[in-house]
Structure formats: structure tokens, C-alpha cells
Amino acid sequence: MLGGIHRSTAAGTGRPGIAGSRGGGREPADPTPAEPIAGPGCPAYGRSLLLSACLVESTEARLLERDVLASRVREVEEENRQIRLQLSQSQGLAAQPAEGNYGNQQWVASADTGPEDVENTAEERANHSECSRSPTAEKCELIHVACVCAGHNASRDVVTLVKSILFHRRNPLHFHFITDTVANQILSTLFQSWMVPSVQVSFYDADELKSEVSWIPNKHYSGIYGLMKLTLTKALPSNLSKVIVLDTDITFATDIAELWAIFRKFTEKQVIGLVENQSDWYLGNLWKNHKPWPALGRGFNTGVILLYIERLRRIGWEQMWRLTAERELMSMLSTSLADQDIFNAFIKQNPVLVHQLPCFWNVQLSDHTRSEQCYTEVSDLKVIHWNSPKKLRVKNKHVEFFRNLYLTFLEYDGNLLRRELFGCPSQASSESTVLQQALEELDEDDQCYDFRRERIMVHRVHLYFLQYEYTPTDDGTDITLVAQFSMDRLQMLEAICKHWEGPISLALYMSDAEAQQFLRYAQASEVLKNRKNVGYHIVYKEGQFYPVNLVRNVALRNVNTPYVFLTDVDFLPMYGLYDYLRKSIVQLDMANTKKALVVPAFETLRYRLSFPKSKAELLSMLDMGTLYTFRYHVWTKGHAPTNYAKWRTATTPYKVEWEADFEPYVVVRRDCPEYDQRFVGFGWNKVSHIMELDAQEYDLIVLPNAFMIHMPHAPSFDISKFRSSPSYRYCLSTLKDEFHQDLSRKYGSAALKYLTAQRNI
């Protein structure tokens, strides 16, 4: 099977799923939340999490709404369970047509046959959800969701979509992603580390499918990926019967199981479910000489699709859409809205195959939208589709309300979505099983239990949060600056980018909300938005300690140059250090020897500093007291072995010996040992790494014409805990002893010197 599963991951207690693509025919979009949404006159269907539109008239009210939305989740879930017991008393309520209905509804009735289908059509004609008798999915029924996702931006959008789905869901989910290499790496890492129970994820290689659609000329900004939905019958597993297909710019305001249940309302002939297009595009009256592809009436939007895959294969879908495309391209020459044009041309010829969905399943906020006629109350809405290039700046009388719902999920703590589906059996993933076993082995009465638990905690990781582009050098000497930081060091980022022109790998320890603040900061910065060779990797906050070495390792693992410069974000490298280090790598034969090149560290206590442009200028500032050797006042042992006195006059690299507590900043090969993750917060996180480099017989070589300067900042929360908590200091000492023992077991008698050195302190 072309485009078969590239990687399939099952999560019982363990894996999340994600979906997304900004495919053809629409202009892209975003999200929204709520529990199963009740119509305005239907208290028996549960209370909606959506608040009244009148609450969004002021900024204060919008903020209030977001707080209320998060705090009422559990309350509403319990309330809805109780209220559903009254459903049997409300079955007599009939759906009433909404005054705001529009579009070509009549032909749908002819496509449906049988008494049940006529009733369904009447319900669909009521485009608000007032007391409609909707079918429901079976408890624990597996729901399949497919999405096309390519690139860094779409991968980021897909996270918000998935959050909105997970927020409301009560069923197991299986996400199917057709991805390029970038999206595959990002999403597979994210799901493995998210570990959401009862979620499976499968990936399919878009490169294997491109030949199926590459012959179609396409003007849509989504490019070839906007045509990929046409290939789903070929890409997805042959035993998959039906699937919900979504764009990445979608937000759910209800349980996706409600949408899945609509498959039961399909007649035997119907193979696809769609919502009518809510702009005038296919009517051809948007501007003079506007000539759209053929469509039935207003046409249909393909941002949300119910695909009966099994039936599509049976009727020969692959040949049918190809013939349709070939015929229309003879006169149209290219598609304007990618797959949507071809779907609509196909539907025009085969209307009996379509099941029209009520418009609230795809409320389209496009440039020429008629979405306001789709609903009478915002509480009617089930899916919001931000399918305009303007996204959150689109015009709609309730756009502030929609935007607020979107922002709620954008900044929602994804850790809260790791909740179990009670009553639905699930097979635990191997990762979650290993984690559970490790947790069970810990002694909860241990004074250092929290430290030990932190070491095995799995943090969500979103790689390449922003666009990343890097072209390897031909000489094999390229070097990446590696660092980590949290929100309180964000102000250092622009300065580092000005001092270091080479590639950078940064791991950011942040909450979901802070990650969005960082995104806005980076997109607004003239310095950062023009740097594409910086990889930003988000490690999401969880637990009570800063997992500094875990965060460092995320940055280190995602380097694609042969060498790394291991530093901290509050240091500014000297101008020209990137080129100097690359020359030193060649001169010192780093490719064939085990060396760690030490970059001498200095510091200033001044927030404003005229940065030295040479070693001579730095020495002058050192003599005047403008600069100091790093930690001269508080912890000289950390850098004393660098031998600053010798460095002052050195003109060639010189070797130094390891000493206890030595923690220099070094340049090493990318295959160096990782940081030991037992050390969290403040203390011994870098010391342990240098010790292991020495244990592996790396030579420590000080560079005579290199330097870096530490810039002042407020002390971290972790150093304050270290200084104020005897328990913290005790546990750090315990972890150090255990590290020494592990080092001895790993490297034998040669490692005994570290234990001896520690005892002599």
C-alpha cells in the first residue's frame, strides 16, 4: 500500500495524538472549547462551557471567561452526566428551523431516502443545535481522525487543534497524520512525550504520495499538501472503514464523538459528509471575470470532512476524482482552492454521494464569510474554522468571542489532558509501562523522593517551535551554540544572536502560555525573525524543580553540526568567536582526538557594558575592575583550573588538569556524553558533566584568544531554594555521592580520583 504507516504508536496510558493541515479550498483557520453543546432551549442536554456573547464585550470580561472556562471543566462534566439522565424526558422535543438558515438544502432531501432520512434532513435544515435528536457514538468506540500536516507552522497549529479535541473527548482516538519529514519529527516527539491515555498516532510519508497529485497545477498557498486529502483512500490502512478529516486551523467546541456519530445517518449511497461553503466563492460573483470551478450551488468546504473510506474505495474513488480533475483542468488550467475545487466538481456530477452536514460543524471565518447566518446563538457552535489568511483579524460580529476561545486552547496546559478515560480499557504504551515501573520502585518515604521522581518524569517536548533552516558546511567544522533558558532570561536572546552568527540550538523551559508569549516576542523581533538557523525546542513545565540537565539534553540531541559549544544563555560570546572556534577545531585535530576546548569565562556587574572587541581590551577592563574572572567573588573553584594568570599572556592553546568542582564552558564533538539528569535546579549540573568528560579521557584545552562574558541578572528561584533549604542541600549532597558511585561502576578504578577529590574538599 502506497503511503503505508511510517510509524504507528499506541498509547494506552500513553500517547497523545495530533492532527492538522491547511489544505485546499479554504483559507486557513484555528480553535474553540466546550462540553457537549446545548442549544439555547435545551437544558436537558447539559450546560455549555461557552459563555454568553455579551460577556466578551470588554477585555476584563474576556479574561474572566477564560478563567471560568478552565475552572468549570470538571464541574460541567459531572453536571452533564447527571443531566443526561433526563434525556428520556426530552426526546419529544423537535428541532425548529433557524431564521438565519440559507443555502441549497432542498436537493439533500432527494439524496436521502426513507422515513428516517427525511427526519434527518429536517434536522439538518435547522442549522442551530436546538434540541436536535443527534445520534451518539458508542461508549469506548475508537474514533479515527486524519490530518495533513507539513512544516513548522502547521505542526504548531495542530497542537491547538488536538488540545480542543482532547479537552472534550470521551472516546479513544486514533490520529492519522500525513506529514513531511519536519512535521513527522516534531509530532512524533511531541506525542511520545505527551503520553495521553487512549490515544494512538500513525504517520504516513507525504513524499510517497506526492506523485499522485503533483501533476495538478495548483495556485493555493498550501501547495502540493493542499491536494493530499485526495489520496487518503490510498494512504490510510485498507481495514479503516471511516475517518474524520480536518484542517489544522480548526477548533472544536464540543465532543468530536458527536460528529463521528453522524456517519450513522448516511444513506447506503452516501460516502462523504460536508458543510456548505459559507462564502460566495463558487457563485462566481466576488469580482469581475471571477470564474470558479463547478460546484453544486454554493459548493462545500473541505475543512471538515466525514469520509466513508470503505465505500469510497468500493466505488473507485481514485479513478473518479482523477477523471474529474483531468476534465475540468482542460478549461480551468489550475485549481485555486486545491482539493476543495476537485471535491466540488466531483460532487456536482455525483450529488447523491454527499451527506450535507449542519453548518455549525464548520463555521467558516473566511474573508467573504456568511458564517453569521449559520447560527443564532454562539452556544450553537461546534467547530470553528479560521480559514482566512487574516486568521484572528477576520471580520465577524462575534470574532472577539471566537478569538478568546481559540486563545484558551492555545495557552491551555496540555498536562491537564493526560487524564484517563474511565470505563474504557486501554493498552499501556511501552513508555508508560516503563515509567510506571520506575515510579513504583521509588520509596515515597525517602527524604529525597521528589528529586528522584523528577529524574524519571517525562516532559512534553515540542521540537523546532519556529521555522528552522540550516545548510551544513562542506568542511565538516561547523559548530552549534547549545543553551537552555526559561522566560526570565528571554531578554538575552537578541544579544546572543548578534554575537554568534552560526547555528544555535536552544531548549526553552516554559508553560504553554509562556511559549505563546515567546512566540509573539520572536515574531515581533527584527533580530530573531530574520534568523532561521536557530532551533527553538519547548520543554513544557511540570513538577516543582527546574530539570536543567534534561532541558540541556533536549538542545544537545537536536544539533545537526559535528561540534557543539556548550554554554548558558546569560553569557555573551566575544565577537567573531564562531569563526575562531571553527579554525581551532581544525588546528587541534578535533575530528580525530578527544578534546574539550575551554572558552575562558568572565563577568561584569554592570547592566550596561561596552563589550570588549579584543583580548587586549578585555585585559584592560579586567585591570580597571570593569570585568572579573567568572565567579571570582562567590565560587572561584568553579573556574580556577582555567588558569587565568597563564591565559593573560598565552598565545597558543594549553592543557589544564581536571580539579574538583571545575565547570568550564567547552567545545566538544556532538557525540559527547549527555548531562546527568538526576541533577535538577541549582548545583552540580555542569560539574558532573565535566567530570564525565574527564572520565572519558577528554583533554581539557584552554583557548588563548577566546572569551565570553556573563551578564548580570536577578538570582534564579532554584539558587534561592538551595541557600534557604537544608533539605535541598542534603539531597544534592546525596545525589553527588550516588553519582560518584555510578561513575566508579561505569569507568572502574580510574574514577576513584573523583571520590577522593570530593572527600578532600
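Everything discussed here concerns the structure shown above.
Starting from 1, residues in each chain are numbered consecutively following that chain's sequence as written. Note on the predicted model: pLDDT of at least 70 is required for a residue's local features to be given, and 80 or more for side-chain atom pairs to be given and counted; whole-chain, interface and lining totals, by contrast, use all residues. Calculated side-chain values reflect all of the structure's heavy atoms, with hydrogen atoms and water omitted.

Caption draft 1: Quick peek at the state of the cysteines. In this description, the term disulfide denotes a pair of cysteine sulfurs within 2.5 Å. Applying the stated criterion across every chain yields a total of two disulfides. Residue Cys140 pairs covalently with Cys424 via a disulfide, S to S 2.1 Å. Between Cys140 and Cys424, the disulfide has an S-S torsion of -95 degrees and is therefore left-handed. In this pair, Cys140 sits in the loop between helix 5 (115-125) and strand 2 (143-149) while Cys424 sits in the loop between helix 14 (399-410) and helix 15 (430-441), placing the two residues 284 residues apart along the sequence. Each residue's exposure class comes from its accessible area (1.4 Å probe, protein chains only) as a fraction of the maximum for that residue type: buried when under 20%, exposed when over 50%, partly exposed otherwise. The partly exposed category is assigned to Cys140, whose relative accessible area is 24%. Residue classification places Cys424 among the buried residues on the basis of a relative accessible area of 8%. One disulfide in the model links Cys448 with Cys731; its S-S distance is 2.2 Å. Note on the Cys448 and Cys731 pair: the S-S dihedral is about -100 degrees, so by sign convention the disulfide is left-handed. In this description a helix means any DSSP run of H or I spanning at least four residues, a strand means any run of E spanning at least two, and both kinds are numbered starting from the N terminus.

Caption draft 2: Representation of the sheet that holds strand 24 (residues 708-710) in the model. What the four strands build is an open sheet, ordered 17-24-19-20; its pairing is mixed. Each edge of the sheet is formed by a strand with only one pairing partner; in this case those strands are strand 17 (571-573) and strand 20 (628-629). Two strands are counted as paired when DSSP detects at least two bridges linking them. Note: strand 17 against strand 24, three bridges, orientation antiparallel. Within the sheet, the bridge partner assigned to Leu572 lies in strand 24 and is Ile709.

Caption draft 3: Focus on the pairing of strand 4 (residues 199-205). Most of strand 4 is tucked away: five of the seven residues are buried. Judged from the seven bridges that link them, strand 3 (residues 173-179) and strand 4 form a sheet pairing that is parallel. Directly across from Leu173, in strand 4, lies its bridge partner Val199. When the strands point away from the viewer and the path from the first strand over the helix to the second turns clockwise, the crossover is right-handed. Crossover handedness for the path strand 3 to helix 7 (residues 181-194) to strand 4: right-handed.

Caption draft 4: Structural detail: the environment of Asp157. Secondary-structure assignment places Asp157 in helix 6 (residues 151-168). Overall, the relative accessible area of 11% leaves Asp157 in the buried class. A C-alpha to C-alpha distance of 9.7 Å links Asp157 and Asp247, two positions 90 residues apart in sequence.

Caption draft 5: Layout of the pairing of strand 5 (residues 243-246). Every second residue of strand 5 is oriented toward a common face, with Val243 and Val245 on one face and Ile244 and Leu246 on the other, all of them buried. Alignment of strand 2 against strand 5, held across three bridges, turns out to be parallel. From the neighbouring strand, Ala146 faces strand 5, where its bridge partner is Val245. Relative to strand 8 (residues 300-307), strand 5 runs antiparallel, the two being bridged by four bridges. Directly across from Leu246, in strand 8, lies its bridge partner Val304.

Caption draft 6: Region of the structure containing the nonpolar core. In plain words, nonpolar cores are sets of buried Ala, Val, Leu, Ile, Met, Phe, Trp, Tyr and Cys residues tied together by side-chain atoms within 4.5 Å. Ranked by size, the top nonpolar core spans 115 residues in total, and within it Phe518, Tyr536, Phe565 and Leu581 carry the most contacts. Leave out the neighbours within four places in its chain, and Phe518 touches Phe465, Leu466, Met487, Leu490, Leu493, Leu508, Met510 and Tyr536. It only takes one pair of heavy atoms within 4.5 Å for two residues to be counted as in contact.

Caption draft 7: A look at the side chain of Asp341. Note that Asp341 resides in helix 13 (residues 339-349). Asp341 gets classed as buried once you look at its relative accessible area, which sits at 1%. Contacts described as polar in this section are N or O atom pairs within 3.5 Å, which, within protein, must combine one atom able to donate a hydrogen with one able to accept it, while residues neighboring in sequence count only if both atoms come from side chains. Only 2.8 Å separates the side chain of Asp341 from the backbone nitrogen of Leu337, close enough to count as a polar contact.

Caption draft 8: Structural detail: the packing of aromatic side chains. We call Phe, Tyr and Trp rings a pair once their centres come within 6.5 Å, taking the six-membered ring for Trp, and we label the pair stacked below 30 degrees between planes, edge-to-face above 60, and tilted otherwise. What the rule picks out here adds up to 34 aromatic pairs. Consider the rings of Phe177 and Phe191, whose centres lie 5.6 Å apart with planes at 20 degrees: the pair is stacked. With Phe177 in strand 3 and Phe191 in helix 7, the pair connects residues that are 14 residues apart, well separated along the chain. Under the relative-accessibility criterion, Phe177 is labelled buried at 0%. Pairing Phe571 with Phe630 gives two aromatic rings, centres 4.9 Å apart and planes at 70 degrees, and the pair type is edge-to-face. One end of the pair, Phe571, is in strand 17; the other, Phe630, is in the loop between strand 20 and helix 22 (644-649), with 59 residues separating them in the sequence. The pair formed by Phe571 and Phe630 is uniform in burial state, with each residue classed as buried. Through a chain of ring-to-ring contacts, three or more aromatic side chains come together here, namely Phe175, Phe177, Phe191, Trp194 and Phe203. Any Lys NZ or Arg CZ found within 6 Å of a ring centre and within 35 degrees of that ring's normal is scored as a charge over the ring. Taking NZ or CZ as reference, Arg311 lies 3.9 Å from the ring centre of Tyr308, over its face.

Caption draft 9: Up close: the pattern of salt bridges. Here, a salt bridge means any Lys or Arg side-chain nitrogen found within 4 Å of an Asp or Glu carboxyl oxygen. Scanning all chains against the criterion turns up 31 salt bridges. With its nearest N and O atoms 3.4 Å apart, the salt bridge here joins Arg669 to Asp671. Among the charged side chains, a network of salt bridges with common partners joins Lys163, Asp413, Arg460 and Asp512.

Caption draft 10: Seen up close, the environment of Ser241. Tracing the chain through its elements places Ser241 in the loop between helix 9 (232-235) and strand 5. Apart from the residues lying within four places of it in its own chain, the contact partners of Ser241 are Leu307, Tyr308, Ile309 and Glu310.

Caption draft 11: View of helix 13. A large share of helix 13 lies buried, amounting to nine of its 11 residues. Of the positions making up helix 13, those classed as buried are Asp339, Gln340, Asp341, Ile342, Phe343, Asn344, Ala345, Phe346 and Ile347. Tucked into the core, helix 13 has its buried residues touching strand 7 (272-276), strand 8, helix 12 (317-332) and strand 9 (354-357).

Caption draft 12: Highlighting unusual backbone geometry. Unusually for a residue other than glycine, Cys140 sits at a positive phi of about 70 degrees. Backbone geometry places Asp661, a non-glycine residue, at a positive phi of 70 degrees. Tracing the backbone through its elements, the reader meets Asp661 in the loop between strand 21 (654-656) and strand 22 (665-669).

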